[in-house]
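Residue strings, one per chain:
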Amino acid sequence: MNILVVGGGGREHAVVKALKQNKKVEKIYALPGNGGIAREEGAECFPVKATDLDGIVAFAKSHKIDFAAITQDDPLVMGCVDRLEELGIPCFGPNKAAAIIEGSKVYSKDLMKKYGIPTAESETFTDAEAAIDYLKTCDYPTVVKADGLAAGKGAVIANSFEEAKKTVEEIMVKKVFGASGNKILIEEFLTGPEVSVLSFTDGKVIVPMVSSMDHKRAKDNDEGLNTGGMGTVAPNPYYTEEVQKECMEKVFLPTVNALNREGRTFKGCIFFGLMLTPKGAKVIEYNCRFGDPETQVVLPLLESDLLEIMLAVREGRLKEEAVHFRKGAACCVIVASDGYPSHYETGYEITLPETKEGEYLYVAGAKAEGEKLLTSGGRVLGASAVGNTLREAIDGAYALAEGVRFKNAYMRRDIGQRALKAKI
Ligand code: AMP
Ligand code: GLY
């Protein structure tokens, strides 16, 4: 089979590596892919942007593609799956109608309210003045969120009225996120451990994957700016069997059913961003795709075949498909360019250590230039390791990350520490 993967991050590298395990796979094309994917035997990258739907369609027409996995948010929200399916190419990933759960936070919030799915209380605004008036009545901290996609930067926790007002002005008046800021949510601030749960669904059944924990802030002890994620561990110790049962009953199944009722059947991977509050699990956000860097700890633990699962999702027979995860744990440490997520330099040559079984180097922001691999982004790569225990996985991931060399490399030193100390 010839497979097309649309996206170009560490997540896509992890997906490509997992897909390659299937003997049926002859060739994987990644658009645009990255320097790590390009080095994978049997994989080839082409410089077509993940948001260039016409370019993706043209590529698919001129290459014999048997199946496509769309794993990045913006092409999904723009309707990449609809376009490829029109050509007769079966896809893993939701169509445009279902991808709205990530494309519009206002839509998702209304859906959750309508179907009684637990989430933070919130109000929606289309007018900055009305939003600022409302902020005068809020308790602080409070959370201001742009409606649309904002590269993970669209949620701001404001500690004071002044800060919240400034955020509203930036989003709605200065339009720092463009049209994504035409509407905003002002949301109750929740507290509790956060859990990421990626789950496969074919619109009939939903199969949660092993849970995980992201580390979003740039610096140790959860200080510094929010990033795309500086590291992950799986499983998340706060996500006990009891919590999983509660989430299945109150969040996962109701979400799949709600989307069906709204005529927006979801097929693909739904990412539930949950907060385990004193009043139970609540949804912080839905994503319509695998998480990054959650995928870099979830897929190393997947024992079953990813391609077979993806095909079963597409064909509506997930119920019969085996989805098993190995026991033990995984940790991913992101090695970034110093200065990320603000200003950082790129173009430095990377040297990589050898990997042993159970170790993975997932490239994100690096490009291939001849034989060389050069840094090209903020998050350069993820060093992932599996172990029988969380401690083993953390030690493995750090030992691997230490062996990655490039100028101005930076990593957090405390990935997994919160999970190790978790008191359940
Ligand atoms: P989001 O872009 O919606 O995933 O939000 C990014 C991050 O902001 C989340 O991972 C949380 O850490 C935090 N956050 C979002 N919404 C809330 C909330 N209502 N209460 C507390 N923290 C939140
Ligand atoms: N790690 C969070 C996300 O993928 O959105």
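None of the values given here were measured: they were computed from a predicted structure.

Undergrad: Mind laying out the site of ligand 1, listing which residues take part and the relevant values?
TA: Around ligand 1 there are 15 residues in total, and Glu187, Glu188, Leu190, Glu194 and Glu285 lie nearest to it. A distance of 2.8 Å separates a nitrogen atom of ligand 1 from a polar backbone atom of Leu190. Relative to its free-state accessible area of 480 Å², ligand 1 is covered by the protein chains to the extent of 91%. If you list the elements that add at least two residues to the shell around ligand 1, you get strand S7 (142-146), strand S8 (155-158), strand S9 (184-188) and strand S17 (280-287). Grouping the constituent residues of the shell around ligand 1 by class yields 8 nonpolar, no polar and 7 charged.

Undergrad: If you had to explain helix H12 (residues 306-315) to someone new, which residues and values would you point to?
TA: Within H12, 7 of the 10 residues are buried, which leaves it mostly tucked inside the rest of the structure. Among the residues of H12, those classed as buried are Leu306, Leu307, Ile309, Met310, Leu311, Ala312 and Val313. Buried residues along H12 sit against strand S1 (2-7), helix H1 (10-20), strand S4 (67-70), strand S5 (91-92), strand S10 (194-201) and strand S16 (268-277). Structurally, the start of H12 carries an N-cap: the backbone nitrogen of Leu307 is 3.0 Å from a side-chain oxygen of Asp305.

Undergrad: Explain the packing of aromatic side chains to me, and be specific about the residues and the numbers.
TA: Centre-to-centre distance and the angle between the planes together describe a pair of aromatic rings. Tallying each qualifying case throughout the model produces 11 aromatic pairs. Where Phe272 meets Tyr286, the ring centres are 5.8 Å apart and the plane angle is 70 degrees; that geometry is what we call edge-to-face. With a gap of 14 residues between them, Phe272 in strand S16 and Tyr286 in strand S17 connect regions that are remote in the sequence. The pair formed by Phe272 and Tyr286 is uniform in burial state, with each residue classed as buried. Considering the side-chain rings of Tyr360 and Tyr362, the 5.6 Å spacing of their centres and the 10 degrees angle between planes classify their relative orientation as stacked.

Undergrad: Please give an account of the sheet that holds strand S3 (residues 43-45) that cites residues and values.
TA: The strands making up a sheet are joined through hydrogen bonds of the backbone, oriented either antiparallel or parallel. Here 5 strands make up an open sheet; going across it, the order is S3-S2-S1-S4-S5 and the pairing parallel. The open sheet has two free edges, formed respectively by S3 and S5, since each of these has just one partner strand. Along the sheet face, H1 touches S1, strand S2 (27-32) and S3 and points at about 165 degrees away from the line of S1. Against the sheet, H12 touches S1, S4 and S5, its axis set at about 95 degrees to S4.

Undergrad: So what's going on with the sheet that holds S16? Residues and values would help.
TA: If you trace the 4 strands from one edge of the open sheet to the other, you get S11-S10-S16-S17, paired in antiparallel fashion. Taken across any chain shown, the strands that pair with only one partner, and hence form the sheet edges, are strand S11 (206-208) and S17. Each strand of the sheet is rotated relative to its neighbour by a mean of 35 degrees, with strand direction disregarded. Both S10 and S11 contribute to a ladder of 3 bridges, which runs antiparallel. Bridge assignment links Phe200 to a residue of S11, and that residue is Val207.

Undergrad: I'd like to hear about the nonpolar core, residue by residue, with values.
TA: Counting 121 residues, the largest nonpolar core has Leu4, Leu84, Phe200, Phe290 and Leu306 as the members making the most contacts within it. If we ignore the near neighbours within four places in the chain, the residues touching Leu84 are Leu4, Ile56, Ala60, Ala68, Ile70, Ile89 and Cys91. Within the second largest apolar cluster, 15 residues are counted, among which are Ala128, Ala146, Ala164 and Ile186.

Undergrad: Please set out the pattern of salt bridges residue by residue, giving values where relevant.
TA: With the rule as written, the count across this model stands at 28 salt bridges. Residue Asp292 pairs with Arg379 through a salt bridge whose shortest N-O separation is 4.0 Å. On the criterion of sequence distance, the pair formed by Asp292 in the loop between S17 and helix H11 (295-298) and Arg379 in strand S22 (residues 379-387) is long-range, its members being 87 residues apart. The class of Asp292 is buried, set by a relative accessible area of 15%. Judged by its relative accessible area of 19%, Arg379 falls in the buried class. A salt bridge links Glu369 to Lys367; the nearest nitrogen and oxygen atoms lie 4.0 Å apart. Accessibility expressed as a relative area gives 40% for Lys367, which makes it partly exposed. The network of salt bridges with common partners includes Asp222, Arg412, Asp414 and Arg418.

Undergrad: Residue-level account of the site of ligand 2, with values.
TA: With respect to spatial proximity, the complete set of residues near ligand 2 consists of Asp214, Lys216, Gly228, Phe271, Asn287, Arg289, Gly291, Asp292 and Glu294. Contacts to ligand 2 include Asp292, whose backbone N or O atom sits 2.9 Å from an oxygen atom. Contact distances for ligand 2 include 2.8 Å between a nitrogen atom and a side-chain N or O atom of Glu294. Bound to the protein, ligand 2 loses 87% of the 200 Å² it would expose on its own. Residues belonging to the shell around ligand 2 are distributed by class as follows: 1 nonpolar, 3 polar and 5 charged.

Cut-offs and rules
Residues numbered from 1 in each chain as written. Chains lettered and ligands numbered in written order. Predicted model: local features only at pLDDT ≥ 70, side-chain atom pairs only at ≥ 80, totals over all residues. Heavy atoms only, no water. Near = heavy atom within 4 Å. Polar contact = N/O pair within 3.5 Å; in protein donor to acceptor, adjacent residues only side chain to side chain. Areas by Shrake-Rupley, 256 points an atom, 1.4 Å probe, with all protein chains shown as cover. Helix = DSSP H or I, 4+ residues; strand = E, 2+ residues; numbered from the N terminus. Nonpolar A, V, L, I, M, F, W, Y, C, P; charged D, E, K, R; others polar. Buried < 20%, exposed > 50% of the residue type's maximum accessible area, 1.4 Å probe, protein only. Contact = heavy atoms within 4.5 Å. Phe/Tyr/Trp six-rings, centres within 6.5 Å; stacked < 30°, edge-to-face > 60°. Pairing = 2+ DSSP bridges. Axes fitted to C-alpha atoms, helices over the stretch in contact; angles between N-to-C directions. Core = buried A, V, L, I, M, F, W, Y, C linked by side-chain atoms within 4.5 Å. Salt bridge = Lys/Arg side-chain N within 4 Å of Asp/Glu carboxyl O.

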